[in-house]
Amino acid sequence: MRIPKLLQAVLVLAGVYFGFIVVFDVILEAVIPSSLLVMYMFFVTAGVFMVFTYDEEGTRELVAPIKALVEDPSKRVWRNIVFVIVPLAAGAGTYVQMQPSFEAPLELRTIHPAPPTTAKIYGKRVNLLKLENPFRKLEKEDPEQFRELVEEGAAVYIQNCQYCHGDKLDGNGPYAAGLNPTPLNFQDVGTIAQLQESYLFWRIATGGPGLPKEAAPWISSMPVWQNFLKEDEIWKTILFLYDYTGHSPRTWGNE
Amino acid sequence: MNRPLPKFGIGLALAAAALTFTGVEQLGALAAEHGEAAARLYPPAPKLSAADYPSIAGVNSRVAVWIFAQLHLWFAAFVLAVPIFVFIIEAIGMRTRDKRYDDMAYEFIKVSITAYSLTAILGGMLLFSLILFYPHLFSYLSTIFRESMFYYALLFFAESAALYIYYYGWHWLQGGFRKWVHLTLGLVLNAVGTTIMLLANAWLTFMMSPAGVDGAGVFSGDAWAAIHNFLWNPINIHRFVANIAYGGSIVGAYAAFKFLTASGPRERAHYDWMGYNANFIAICALLPLPFAGYYLAAEIYAYSQQMGITLMGGIFAWLFIIQAVLIGTLFLSANYYLWCGMGRSDGAKRYTKYIKYIAIVLVGAFLVWFTPHTLVLTNEELKALGGPHHKILGPLGIMPAKNTAVNVMIIFTALSFMFYRRANKVATVPWVKAGNAIQVALYAAGIANILFLGIYHGYFTNTVYKVAASIPQVLTTLVVIAGSIALDSFIYRGGKEVGPLHWGRIPERAQYALFLLAVAFTWLMGLMGYIRSGIRQHWHVLDIMRDASPDAFTPTLGYAANVVSVAAIIFMAMVIFVFWIAQVSSDKTLPAGYWKD
């Protein structure tokens, strides 16, 4: 038996919806955010209706059951049932959506706050557009010394940073569960791999209080590390962050 | 001794250089020579306080300038885009000797006449509001750009002259040499219009990436350096390509409007044909547009890490998601229109079975295209994920995934178009099977290469290669498109037609896809224009002249989207007026007994 087009469309949409949930939530064990699922389903629905309505024949077949329900005198009973159920369902949906809850409101968090052009760090005004890691050139010039610096950076990291950012640099340190938002995961390709070293230097040295006035208020419990670490220690830690994760800092020249 | 260059000379040279893109170095050298002496003549950028911004009749100065600038820009894009479109159509008409093209081109230049005066009125409003509300900013900019502003104004005479002769001389300059003269006039009109745009682009890009001034904003006297600033060419390229696509979409909307109100099958056929051609040109320009946009964004990032991050990772990141949704909408509606249009041919059935697969790929790529970098998570979801990082969706939020997705969307849009073209043809060459196999191999190899470049260079190399990999991705896409068109032209050489195309045999909902295309374009331009301007944040001229007005703060995303949306609605209303007035001009009433015999 051939499945009517309207039912086909509904089945496809239901299949995609539950497919997303099964694949993400069950198989991959990484829940799909409900906000994103709504956006995804909106455009999947648009795509499905585009395919079902690009010709007259398909469109007629798709809307025929709806048309019949509204116009066909023999479907009076069904029509009345649907006409009662649809507004009730819409009302129930609205009620559930509008009902006050104890859930904290959703937040549009900015992962990368934009750095200022210049910042006062260690008592000096530095231009973040031009600032470079003084040790980076040793990666090629003196690989042995570079390795030593990376190890020194690792020691600084383990003594100071891993409590929040984790010993695997995945943002999952022992204190991470107590913080909201949770510390940044440096393994993620969307964090330090996207940034220049000067950005990391600014962010580490000036911490949460150094975040820009724009788009305030910020939520960051990052300490102002220039009060606790030496300038060289921050640069060495940055070497370690990139070395351990295997990412390269953002640059504009070739290697 | 340094010889001062006459101001008139600089301005004229500027206009010529902008027009032809030649003589650039010569002009730069002359201006630099002139620069040292001139530097002493120019004041630094003023340091302002809130008292320096006049308050007039309780008007919100930022919103006033914003809306006038946006409306002016939309109309400017319209009057620049339509003549480009008209020129192309007229040239096609001359090549094919099909008078329908000539009639369509004329119909459109008529529409742009009304839009032209509205552009000028809105330009005047923008100028007045800038002078009244931001006098110090205008004064500073006009010190630097005095020559180019003067010649900008003069160029309007040239544009008006070219436009009026082009329009009013349309029926006079017909046939043989006269037609060539007319087409040349169209070229002059477009060259002047483009020069005007390039000059205005220089002023706005100077505000983002100032050049020719020192740290205090003292102008060196080198006008070319100020014009040829870091972001000038990226904006020029992006706007030029976008204007062609925008022109196509507006013309498409006009055709859709006329199709839906057509009184008979003949008229429907005409406007269906017009809508198809407009959509075709819009798609052709739409295909390279994401690359031009990516180039602009990469250059903004290269110029200033701060602006780059504000743009795509910072506070404007969510407007970029809206942008992604709108661009995806453009691709979906353009494809839908093509699929609906296949109904014009009796041979389309052979290809319509592939539409659902194209749709699956397009929607899949679209979902990747708009997956945000920063996910909006409920507390429950945060807990379930163990943090804001999502191991699957996180990597889809960054540019390599987006570039890959958009290239795939472009290739499949080209495939839709190829099926549309094939729908009414039957190949007669003996090697048709081999030809089709090569086509499949070309598409498969191209997509594999795009995926490899996106995944390998996007995630396993550093940012230099990550950004650079977008170029071979684009080239792959272009090679696939050009290669498949070329191959198809050989496969169908001497082929048979299934039957005549049934112009007008297209569902009415396809016309709404054309409306959607124009509306999405307009809204997109407004939102992205705001972002481009807004990433300067509290600077009039980045890092040189600070905005000290009460409105120096960056508004919330919702507020900005509302302003842009209101402006878009005003613009749409004005465009409908322009369409209506073009229709009224051809209506005639014969009042019985009113005039003496």
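Right, let's walk through the structure included here. (Residues numbered from 1 in each chain as written. Chains lettered and ligands numbered in written order. Predicted model: local features only at pLDDT ≥ 70, side-chain atom pairs only at ≥ 80, totals over all residues. Heavy atoms only, no water.)

1. Looking at the overall build of chain A
Along chain A, the regular secondary structure elements total nine helices and two strands. When its helices and strands are written in sequence order, chain A yields α-α-α-α-β-β-α-α-α-α-α. Out of the 255 residues in chain A, the part that is buried amounts to 40%. Counting only contacts in chain A whose residues sit at least 6 apart along the sequence, the fraction spanning at least 24 positions is 56%. Between the centroid of the 22 positive side chains of chain A and the centroid of its 28 negative side chains there is a distance of 8 Å. (Helix = DSSP H or I, 4+ residues; strand = E, 2+ residues; numbered from the N terminus. Buried < 20%, exposed > 50% of the residue type's maximum accessible area, 1.4 Å probe, protein only. Contact = heavy atoms within 4.5 Å. Lys, Arg positive; Asp, Glu negative; His and termini not counted. Charge placed at Lys NZ, Arg CZ, Asp CG, Glu CD.)

2. Section: the nonpolar core
By size, the foremost hydrophobic cluster in this structure holds 169 residues, and its most contacted members are A:F20, B:I109, B:W339 and B:I531. With 15 residues, helix α13 (residues 317-341) of chain B is the single largest residue contributor to this core. With residues near it in sequence (within four places) discarded, B:I109 still touches B:P83, B:V86, B:L163, B:Y166, B:Y167, B:W170 and B:L189. Of all hydrophobic cores here, the second largest spans 38 residues; its members include B:Y134, B:L199, B:I227 and B:M545. (Core = buried A, V, L, I, M, F, W, Y, C linked by side-chain atoms within 4.5 Å.)

3. Observations concerning the packing of helix α3 (residues 61-96) of chain B against helix α9 (residues 232-260) of chain B
All names here are of chain B. Direction vectors running N to C along α3 and α9 enclose 80 degrees, while the axes themselves pass 8 Å from each other. It follows from the interaxial angle that α3 and α9 lie roughly perpendicular. Of α9, the residues touching α3 (which contributes L73, W74, A77, F78, L80, A81, I84 and F85) are R239, F240, N243, I244, Y246, G247, G248, I250 and V251. (Axes fitted to C-alpha atoms, helices over the stretch in contact; angles between N-to-C directions. Parallel < 35°, antiparallel > 145°, perpendicular 65-115°, else oblique.)

4. Description of the packing of aromatic side chains
By the definition in use, this model includes 48 aromatic pairs over all chains. Pairing A:F43 with B:F370 gives two aromatic rings, centres 5.4 Å apart and planes at 55 degrees, and the pair type is tilted. One end of the pair, A:F43, is in helix α2 (residues 34-53); the other, B:F370, is in helix α15 (residues 355-370), on a second chain. Here A:F43 and B:F370 have matching classes, each one buried. On the numbers, 4.9 Å between centres and 75 degrees between planes, the contact of B:F108 with B:Y254 is edge-to-face. A residue pair is termed long-range when its members are at least 10 positions apart, and B:F108 in helix α4 (residues 99-133) and B:Y254 in helix α9 qualify at 146 residues. Considered together, B:F108 and B:Y254 belong to a single accessibility category, that of buried residues. One Lys or Arg, A:R250, reaches over the ring of B:Y301 and ends 4.1 Å from the middle of that ring. Note that B:R62 overlies the ring of B:F553, its terminal NZ or CZ placed 4.6 Å from the centroid. (Phe/Tyr/Trp six-rings, centres within 6.5 Å; stacked < 30°, edge-to-face > 60°. Lys NZ or Arg CZ within 6 Å of the ring centre and 35° of its normal.)

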